[in-house]
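Spelled out, the chains give:
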Amino acid sequence: MIKSDYLIKAVDNDKQVRIILASTTGLVEEAHRRHHTSATASAALGRVLTAALMMGSDLKGEEDALTLRVNGDGPAGSIVATVDSTGKGRALISAPQADLPPQAPGKLDVGGLVGKNGYLEIITDLGLRQPFTGRVNLISGEIAEDLAQYYIQSEQIPSLVSLGVLVDRDLSIKSAGGLIIQAMPGARDDILETMENNVKNMGPISEAIHNSESLEELLDRVMNGVPYHQVEERELAFNCKCSSERLGVILSGLSDEEIADICEETGRLEVTCNFCNQAYTFSRDEIEVIKNKKPRI
Ligand SMILES: [Zn+2]
């Protein structure tokens, strides 16, 4: 069992491929606890959040952010994860309680829950005037395959993507993580084949993470026969940027009549952050203070 959430990056010594490996069990468990997700919804949400954290590990600037949105026609609705450049991320799913019977014992039907018709979108905000948006149609709704499709279509990078979440009987997260292998331009076929075979031998990524002591140990297995060196390691965590002040801004947009209506029964107003399910309560007086701080348009 890998005890903490982190990711590592490596390249082979001939610079033919790069690899990112992430272990995210703790933070997917936190996403599950906060959103009260069903088993299949945990897997879908966990895969999207893990993928976003791996992609976000290329962000450099303090204010940079990456959003991965998966919008399929299945019962899950949309799934959105936003991550920053320090390995912190948050995620939401429209229908956290939605669930489907497993396709086979232990094989959650993420593709069915997400749906096959729809899109996967990456929004990269590097603090420029316009964030960069790339979008591809979903192939299977299983996320990993869809993300590989994104890499080839949007960035012309052949990639092998593997994402997995193992859910226990009590719905807690047993293990979660991901693997991305990307071929550099002109990468040699023999190296790609060796690694593909290594990944096949490793089996599902969630089980490999469950049965390993560290990502370094897994990296060694994936790179078996290919000399490599590790280039980076970073901690990962579930973290939401919401605060009473930020959500208060939403309230300041309501009219006096709307506030009076909402406060009529309890005298208080509750707002919940979609990303982390944290509830914030405001009294009538507090709302007035917030409203008066904002310039009226
Ligand atoms: Zn929040």
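Residues numbered from 1 in each chain as written. Predicted model: local features only at pLDDT ≥ 70, side-chain atom pairs only at ≥ 80, totals over all residues.

In terms of regular secondary structure, the protein is built from ten helices and 13 strands. By the compact-globule yardstick of 19 Å for 297 residues, the protein fits well, its C-alpha radius of gyration being 21 Å. With the C-alpha coordinates aligned to their principal axes, the bounding extent of the protein is approximately 70 × 45 × 35 Å. Residues classed as buried in the protein amount to 39% of the 297 residues present. Of the contacts formed within the protein by residues at least 6 apart in sequence, a portion of 65% connects residues at least 24 apart. (Helix = DSSP H or I, 4+ residues; strand = E, 2+ residues; numbered from the N terminus. Rg over C-alpha atoms; globule rule 2.2 N^0.38 Å. Buried ≥ 20, exposed ≤ 12 C-beta atoms within 10 Å, placed from the backbone. Contact = placed C-beta atoms within 7 Å.)

Before going further, it helps to spend a moment on the nonpolar core. Of all hydrophobic cores here, the largest spans 73 residues; its most connected members are L21, A44, V48, L49 and A52. No other element matches the twelve residues that helix α2 (residues 39-56) contributes to this core. Filtering out sequence-adjacent residues up to four positions away, L49 remains in contact with T24, L27, V28, A31, A81, G89 and A91. (Core = buried A, V, L, I, M, F, W, Y, C linked by C-beta atoms within 7 Å.)

Attention now moves to the sheet that holds strand β7 (residues 132-137). Spatial strand order, β7-β6-β3-β4-β5-β11: six strands in an open sheet with mixed pairing. Each having just a single partner strand, β7 and β11 (237-238) make up the two edges of the open sheet. Sheet analysis places strand β3 (residues 65-72) next to strand β6 (residues 118-125), joined by eight bridges and oriented antiparallel. Directly across from A65, in β6, lies its bridge partner D125. Across the sheet, helix α4 (residues 144-155) lies against β6 and β7, angled at about 120° from β7, the strand it touches most. (Pairing = 2+ DSSP bridges. Axes fitted to C-alpha atoms, helices over the stretch in contact; angles between N-to-C directions.)

Let's shift gears to the environment of L53. Looking at the secondary structure, you find L53 in helix α2. Placed 19 residues apart in sequence, L53 and G72 show a C-alpha to C-alpha distance of 21 Å.

On to the packing of helix α1 (residues 25-35) against α2. Running from amino to carboxyl end, α1 crosses α2 at an angle of 130°, the nearest separation of the two axes being 10 Å. Here α2 runs oblique to α1, going by the angle between their axes. Classified by chirality, the crossing of α2 by α1 is right-handed. Facing α1, whose interface residues are L27, V28, A31, H32 and H35, α2 presents S42, L45, G46, L49 and T50. By residue class, the composition of the contact of α1 with α2 is five nonpolar, five polar and no charged. (Parallel < 35°, antiparallel > 145°, perpendicular 65-115°, else oblique. Left-handed = near helix turned anticlockwise from the far one by under 90°. Nonpolar A, V, L, I, M, F, W, Y, C, P; charged D, E, K, R; others polar.)

We now examine unusual backbone geometry. The phi angle of most residues is negative, glycine excepted, and most peptide bonds adopt the trans form. Phi is positive for K15, close to 55°, though the residue is something other than glycine. Along the chain, K15 falls in the loop between β1 (6-12) and β2 (17-23). For I143, which is not glycine, the phi dihedral falls at a positive 80°. As for its placement among the helices and strands, I143 is situated in the loop between β7 and α4. By the C-beta count within 10 Å, which is 28 here, I143 ends up buried.

Segmentation of the protein into domains returns domain 1 (6-238) and domain 2 (244-293). With five residues of domain 1 at the interface, the matching set in domain 2 holds four residues. If you list the elements that add at least two residues to the side of domain 1 that touches domain 2, you get α1 and β5 (88-93). Each residue belonging to the side of domain 1 that touches domain 2 can be placed in one class, and the counts come to two nonpolar, one polar and two charged. (Domains from an automatic or database assignment.)

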